[in-house]
Amino acid sequence: AATAGGVRTPLGAVASRDLKSIDLSRNIAVLRYDTMFAHKASAVETVTLVFENGAWSVTGYCVNWTPS
């Protein structure tokens, strides 16, 4: 959570977030969102989840954008 916050905080508040894709495999889900932030107009957020012990948990988060 601390690592994700360090990546996200400089981008500002989320202005909009739209689900772009969901990729599912045996026990892993990768969700991608087209996101607009207060300080970055266009970015793609990727959230990786794993299903273990009967529940989904977040194992990864990243934000990609094209530098302006």
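Definitions and limits used
- Counting starts from 1 at the beginning of each chain's written sequence and moves along it residue by residue.
- Totals for whole chains, interfaces and linings use all residues, but because this is a predicted model, local features are given only for residues with pLDDT of at least 70 and pairs of side-chain atoms are given and counted only at 80 or more.
- Side-chain calculation: all heavy atoms of the structure are included, whereas hydrogens and water are not.
- A helix here means a DSSP run of H or I that spans at least four residues, while a strand means a run of E at least two residues long, and both kinds are numbered starting from the N terminus.
- For each residue, the accessible area found with a 1.4 Å probe, counting protein chains only, is set against the maximum for its type, and the residue is called buried under 20%, exposed over 50%, and partly exposed in between.
- For this analysis, residues touch if any pair of their heavy atoms sits within 4.5 Å.
- We get accessible surface area from the Shrake-Rupley algorithm with a probe of 1.4 Å; when it comes to residues, only the shown protein chains can shield them.
- Paired strands are those between which DSSP finds at least two bridges.
- Each pair of aromatic rings taken from Phe, Tyr and Trp, with Trp reduced to its six-membered ring, is defined by centres within 6.5 Å and is described as stacked if the planes are under 30 degrees apart, edge-to-face if over 60, and tilted in the remaining cases.
- Charge over a ring is defined by NZ of Lys or CZ of Arg lying within 6 Å of the ring centre and within 35 degrees of the ring normal.
- Where helices are involved, their axes are fitted lines through C-alpha atoms of the stretch in contact, as for all axes, and angles between N-to-C directions lie from 0 to 180°.

> For the overall build of the protein chain, give the residues involved together with the corresponding values.
In terms of regular secondary structure, the protein chain is built from one helix and four strands. Its helices and strands in sequence order give the protein chain the pattern α-β-β-β-β, from N to C terminus. Evaluated residue by residue, the protein chain yields a buried proportion of 22% over its 68 residues. Look at the contacts in the protein chain between residues 6 or more apart in sequence, and 25% of them connect residues 24 or more apart. Total accessible area computed for the protein chain in this model is approximately 4,700 Å², and 56% of it derives from carbon and sulfur atoms.

> Got a sec to walk through the environment of alanine 38? Specific residues and values, please.
Mapping alanine 38 onto the fold places it in the loop between strand S2 (28-37) and strand S3 (40-52). The spacing of alanine 38 and serine 16 is 22 residues in sequence and 9.4 Å in space, taken between C-alpha atoms. Setting aside its immediate chain neighbours within four residues, alanine 38 contacts Leu11, Gly12 and Ala13.

> Can you explain the pairing of S3? Please cite residues and give values.
Examined bridge by bridge, S2 and S3 share nine bridges and lie antiparallel to one another. When the bridges of S3 are listed, isoleucine 28 appears paired with valine 50. Where S3 folds back onto strand S4 (residues 55-65) in an antiparallel hairpin, the turn is made up of two residues, including asparagine 53, whose phi is positive at roughly 55°.

> Kindly report on the packing of aromatic side chains, identifying the contributing residues and their values.
Within a pair of aromatic rings, the relevant descriptors are the distance that separates the centres and the angle that separates the planes. Evaluated as defined, the whole model comprises one aromatic pair. The ring of tyrosine 33 carries the charged tip of arginine 17 above its face, separated from the ring centre by 6.0 Å.

> Which residues make up the sheet that holds strand S1 (residues 14-24), and what are the values?
Read across the open sheet, the four strands follow the order S1-S2-S3-S4; overall the sheet is antiparallel. Each edge of the open sheet is held by one strand with a lone partner, namely S1 and S4. Looking at each pair of strands side by side, their axes are set apart by 20° on average, direction ignored.

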